[in-house]
Amino acid sequence: MLPLYCRKRILLLGENLSRYLQHSSKHNATTGDGCDQVSLLLRLCEERHFISPDAFHTRTCVYGPLGTELKKNILEQWWTAATRSRARVFGINTSVHTRTCKESVMIVNYRTVQENLQQDSFTTEEALRLFFQNSMSVRSNLLQGALQQYIQALELVSRKLPFGLAEIGLCHQSNDQSFGHSPGCLSEVTESSLVWFCSPRTSSQWMDYWARQRLQWWRKFALGPSDFSLCDVVDKDLKDGTLRGIKVLYKFPWGLETLETLWSLGNTELQKTYQGTHSKLQCRDGRKVVVPHVISISGDMDKGMLAYLFNSLKQLKKTDSKQKQQTVLKLHPTLTPVKVALDMGRGSNSELRQVCEGLLQEFLEEGIPTWPGYLDTLPLSLENLHTKYDEMGVLFTVLVSETTLKNGLLLVRNRDTTIRETMHITEIKGFLLRYMYASENL
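Cut-off values and rules
- Residues numbered from 1 in each chain as written.
- Predicted model: local features only at pLDDT ≥ 70, side-chain atom pairs only at ≥ 80, totals over all residues.
- Heavy atoms only, no water.
- Phe/Tyr/Trp six-rings, centres within 6.5 Å; stacked < 30°, edge-to-face > 60°.
- Buried < 20%, exposed > 50% of the residue type's maximum accessible area, 1.4 Å probe, protein only.
- Core = buried A, V, L, I, M, F, W, Y, C linked by side-chain atoms within 4.5 Å.
- Helix = DSSP H or I, 4+ residues; strand = E, 2+ residues; numbered from the N terminus.
- Contact = heavy atoms within 4.5 Å.
- Salt bridge = Lys/Arg side-chain N within 4 Å of Asp/Glu carboxyl O.

Caption draft 1: Looking closely at the packing of aromatic side chains. Per the stated rule, a full pass over the model turns up 23 aromatic pairs. With centroids separated by 4.9 Å and ring planes inclined at 85°, the aromatic side chains of Trp-217 and Trp-218 adopt a geometry described as edge-to-face. Residue Trp-217 shares its accessibility class with Trp-218, and that shared class is buried. Ring geometry for Trp-217 against Phe-221: centres 5.5 Å apart, planes inclined by 70°, an arrangement best described as edge-to-face. Take Trp-217 and Phe-221: they sit in the same class, and that class is buried. Taken together, the aromatic side chains of Trp-217, Trp-218, Phe-221, Phe-228, Tyr-250, Phe-252, Trp-254, Tyr-308 and Phe-310 make up a single cluster linked through ring pairs.

Below you can see the structure in the form of structure tokens.
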């Protein structure tokens, strides 16, 4: 059993996995053969470079090479959907440091404070001054930054509604003490935010529209779309001034968790941000002049990444092997970190390597993420090679062999079908590009 501090935030498996590990005896999530699904995913993520070795000693998300690439792909797809699905959605980039307010948290350099207090004798007033000199206020969400850019954006759209401001960034959030954290312990979270400014008379329709859009987006990249769902926030959980709330949920092995939340905030938050400047907030809604309503859509992308990992993890029975089961990470082709792995079979190593290096260069020039397996010094059997790449989520394995040197034929294996077929070396790049394009436009 891992120590408590190791279980606080196990990288991309995050607080949710930490919660599950702490209560695994009560919530036994298993696959068909009785193997713990969470432990299986954790092992896979460690061995296949989704998790950094430092992940067990930090409260932040420390990703390995494949985890970093997977997260980047998810964020790119979110950004494309947010800024290009509709006109008049603009990207912004606000500071992680913010004015002290209820939407921020304080980070203190306790080491500096402690060293100074040990060396000198301080009065209470001097100690408090030292404390605040070594502290800073950081954001706990991205909403306030978008509201502060509202007036500037209003001029950009000639004071016409609707329009939106999108951002992705790090936020610092307090952890629940029930997860084993000390009170006030902070974690870094990568948050996505779309703040939509619209007419008061159409805000309810826009809320429904964005809820459908967000659910559709999450399901688009899922192997099991039905695990993603929507639910309304009950009235007693609404904050003051909030008209309505909707959550996008994912069904984890331990239960439902919120990935994304939509809030219909009315114009309360906007007026709080710009107190005394009511006229500057007004814009045109047809012939009327109104102060817009605000819809805030915020997502925890680290938790979203965890959802996609669980959703894509499959264990399949094998009938043609000594291994009873085959573990496959069936990530969506658009999200999976590595599209193709290049390896070589038996033959003249120097000549086969030259062919692999030529193909690698072609693939990289076309933007096809490729794993240079032929550079591995530890040779693996073909079965073990496929096991490794299936757990990495690699879509295609391309094997260069003596046959390639003789007649230009490659052996290509598909992750999802496990079918192996021969393909001429001149056709492989076009095949991969067509497959990637088709998967992006499903």
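Caption draft 2: Main features of the nonpolar core. Grouped together as the largest cluster of nonpolar side chains are 58 residues, with contacts concentrated most on Trp-217, Phe-228 and Tyr-308. Broken down by element, this core gets its largest block of residues, eight residues, from helix H8 (residues 203–220). Residues in contact with Tyr-308, not counting those within four places in the same chain, are Ile-74, Trp-217, Trp-218, Phe-221, Ala-222, Phe-228, Leu-331 and Leu-335.

Caption draft 3: Inspection of the pattern of salt bridges at higher detail. Within the structure shown, the criterion is met by 18 salt bridges. Put simply, Arg-43 and Glu-391 hold a salt bridge, and the shortest N to O gap is 3.5 Å. Here Arg-43 is found in helix H2 (residues 37–47), whereas its partner Glu-391 is found in helix H13 (residues 382–392), with 348 residues between them in sequence. Of the residues examined, Arg-43 reaches a relative accessible area of 28% and is grouped as partly exposed. For Glu-391, a relative accessible area of 6% translates into the label buried. Measuring nitrogen to oxygen at the nearest pair gives 2.8 Å for the salt bridge that ties Arg-415 to Asp-416. Each member of the salt-bridge network shares a partner with another, and the members are Arg-43, Glu-47, Arg-48 and Glu-391.

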